[in-house]
Every structure is written in structure tokens, then in C-alpha cells.
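Survey of secondary and tertiary structure
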Amino acid sequence: MESSCDETSAAIVEYRDGVFEIKSNIVASQIETHRLYGGVVPEIASRAHIEAVSSITTEALSEAGITLSDIDCVAVTTHPGLIGALLVGVNFAKSLAFANNIPLVSVNHIHGHISAAYLADKTLRPKFLALVVSGGHTSIYVCEDSLTLREIGTTRDDAAGEAFDKIGRVIGLPYPGGAALDKLAYEGDPKAIKLPSPALAHTLDFSFSGIKTAALNYLNSAAQKDEPINRADVAASYTKQIVDAIVKQTSAAIDETGLDTLVLAGGVAANSHLRKALEELCKNKKIKFVVPPKSLCGDNGAMIAVSGCFEYLAGNLADTSLNASASDDL
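Description of the structure in this document. Please read these numbers as outputs of a predicted model, since none were measured by experiment. (Residues numbered from 1 in each chain as written. Predicted model: local features only at pLDDT ≥ 70, side-chain atom pairs only at ≥ 80, totals over all residues. Heavy atoms only, no water.)

1. Here we look at the overall build of the chain
What counts, and what does not: By definition, any uninterrupted DSSP run of H or I lasting at least four residues is a helix, any uninterrupted run of E lasting at least two residues is a strand, and each is numbered from the N terminus. Only C-alpha atoms enter the radius of gyration; for comparison, a globular chain is expected to reach 2.2 Å times N to the power 0.38, where N is the number of residues. When accessible area is computed with a 1.4 Å probe and restricted to protein chains, residues below 20% of their type maximum are described as buried, those above 50% as exposed, and intermediate ones as partly exposed. For this analysis, residues touch if any pair of their heavy atoms sits within 4.5 Å. All accessible-area figures derive from a Shrake-Rupley calculation using a 1.4 Å probe, and residue coverage is judged against the displayed protein chains alone.
From N to C terminus, the chain includes 10 helices and 9 strands. Over its C-alpha atoms the chain spans a radius of gyration of 20 Å, differing by no more than 12% from the 20 Å that the globule rule assigns to 330 residues. If one aligns the C-alpha atoms of the chain with their principal axes, the spans along those axes are about 65 × 45 × 30 Å. Residues counted as buried form 54% of the 330 residues belonging to the chain. Pairs at least 24 residues apart make up 73% of the contacts formed inside the chain by residues separated by at least 6 positions. In the structure as shown, the chain presents an accessible area of about 14,600 Å², 50% of it carried by carbon and sulfur atoms.

Put into C-alpha cells, the structure is as follows:
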């Protein structure tokens, strides 16, 4: 079960002989609803989860061709995310599990995103480097094993996904702005506008507030002078600086850790410019690059099922006191 933001998802995943197979992965999207407001409205998202959660669970079971009696474990995203949205999924999963006497496990949303890589590459095994890029996170981890992440780099303020969405919205692109910005960037000149790098020196960390402010200042200055704005040039220049910064820090992380596999995960892993640049980086460094298909980059129940399976096999079961948390820690 996944309900950390604006996607309600229920999935059935089978684990056999070390390989995961998706039996069903139902996602109820709220994009059209939140497009009216230019971004996710937490209260509306929570209510939409309530309306969808029961029906998509029934649909997931039906598509998989099984019943609840065939389920060995219920996994649910408990943190981080929008607290109201998370509580819908957590309380539904608790009710479902305990009413049917099925074990329950708690899943960290970030662990879930990384776990989607196991669905993309059935040979993937820790230890590897993972880059998670989403609307709320931009972090680099060393995955010591299937349950243990060691953060070695992160954003100190905004996340890359939020930075993409914000500028996309400001230049008039439809929600979600990041996806539209990705397409528009191909039509512009990536060297047209000078913007600061989000890569922080002498560290593997990022700061996206500076480039976001610089882009806003550029747009506001042009508006005040009544000068025309080439939206494609803005998209191209902005995208290139963000992608270059992520590639720079990831390259340094590869050199620092000496790991031979890079996993890209999170909603922004669907960004075509970032995927291409990191693929090229890994090719040059002669290391393996694993990225889930775009359908598994966004929030979905299948990735939570995989991470939940690892928790279940480790014996990390939850009880009726299980709660949700908006932060990374629970």
C-alpha cells in the first residue's frame, strides 16, 4: 500500500527464488485534481486516498487472480510524506492485516523507491550506490544491504523535483511542471542563461534554493523590463545546470566509494535528461547503471511490496500501534 503523496496504489508482488514478479500494480492518480491548483493540496489528497484505497485494493487482488487468504504479508508506506495522506494508507493496511490475521510491516518511502530497482534488474544485489531524486529528496546513499542505507550526500534545502516543478509553474507550464519542463528543454539553448550550480563544493551535498532564486530573478527582471522570455531557453539552461550538478556529485560519490553499480530512483528518475546523463557517466566509468522503467519511478505499491518483503524476511513486523510520520524517522 502506498499513499504518501497524491498517488493511491495497491500492488501484489510475488517473491520466489530470489526474484520479484509484479502480479498487479494499481495506481489511482490525482494529477488532474491537483492541476487545478498548480500543486498538491494535502487535504484534498487525503480525501482522494480515502475514496480510492478500498476499490484499488480489490482491483489489485482481482488482477492478480488471488484472494486475501493467499497474502503472506501486508506492507505499507509509513514515512516520510504528507501526514494526512500517509495515515489513510497506514490505517487501511492495519485494518486489512489484522482483520485477516496477516503480518504487517512498515516501509520507508525512500527504501521503497530504491527497491524498485530490484524489479528492473533481477540480478541486482547490494552493495551498491543509490541516487534518489524526487519532489522531496535528492540524496546519495550507499546501500549496504537490502535494509540498510548510509546517506553520503543530500540536499540542504529544496529537492530537485520541487525546483523543477516550481520554475515550470512560474513559466506557465501545466502541472506537473517538471515533466513539461523536461520536454520543453529539448527546444532551447542550454547555454542561453547563466545560473549557479546546485552542487556544493568540498562535499557531496546539494542546494537547489540558489538556482531556483536565480531563475526567478531572471524571469522577474525580464517581466519588469517588458522583455520577451524564451521559455525553451529557460527550461534548457535550468535543466542542464541541475542535471550537471547531480552528475558531478554522483561521479564524485562513485570515485569515493569505489562501488561498481549505480541505481537511480525516485520520481525525477523519469527525467529523460538525467537518465541519459547518468547512463553516459556510468558508461564512461565502466560501472553498471540500473534505473526502473518510468512506470515504476513514480509512487507505486509494487516498490513498497519489494521493500516490505525484505522487512518481512528480516522479521521486522509491526503491531496495532503502527503510526505514520511526515519525517524520514519513525
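2. Re the environment of Gly 168
Relative to the helices and strands, Gly 168 is located in helix H5 (residues 160-170). The exposure class assigned to Gly 168 is buried, which follows from its relative accessible area of 0%. Placed 86 residues apart in sequence, Gly 168 and Leu 82 show a C-alpha to C-alpha distance of 22 Å. Setting aside anything within four residues of it in sequence, one finds Gly 168 in contact with Leu 173, Gly 177 and Leu 181.

3. Some remarks on the nonpolar core
Condition: Nonpolar core, defined: a set of buried Ala, Val, Leu, Ile, Met, Phe, Trp, Tyr and Cys residues in which side-chain atoms within 4.5 Å join the residues together.
Grouped together as the largest cluster of nonpolar side chains are 48 residues, with contacts concentrated most on Leu 129, Tyr 238, Ile 242, Ile 246, Leu 264 and Leu 278. When residues of this core are traced back to their parent elements, those giving at least two are strand E5 (128-133), strand E6 (138-143), H5, helix H6 (177-184), helix H7 (209-224), helix H8 (231-257), strand E8 (261-265) and helix H9 (272-285). Residue contacts for Leu 278: discarding those within four places in its chain leaves Leu 131, Val 247, Thr 250, Leu 262, Leu 264 and Phe 289. Ala 11, Val 105, Ile 114 and Val 290 belong to the second-largest nonpolar core, a separate cluster that totals 26 residues.

These values are about where atoms sit, not about what they do.
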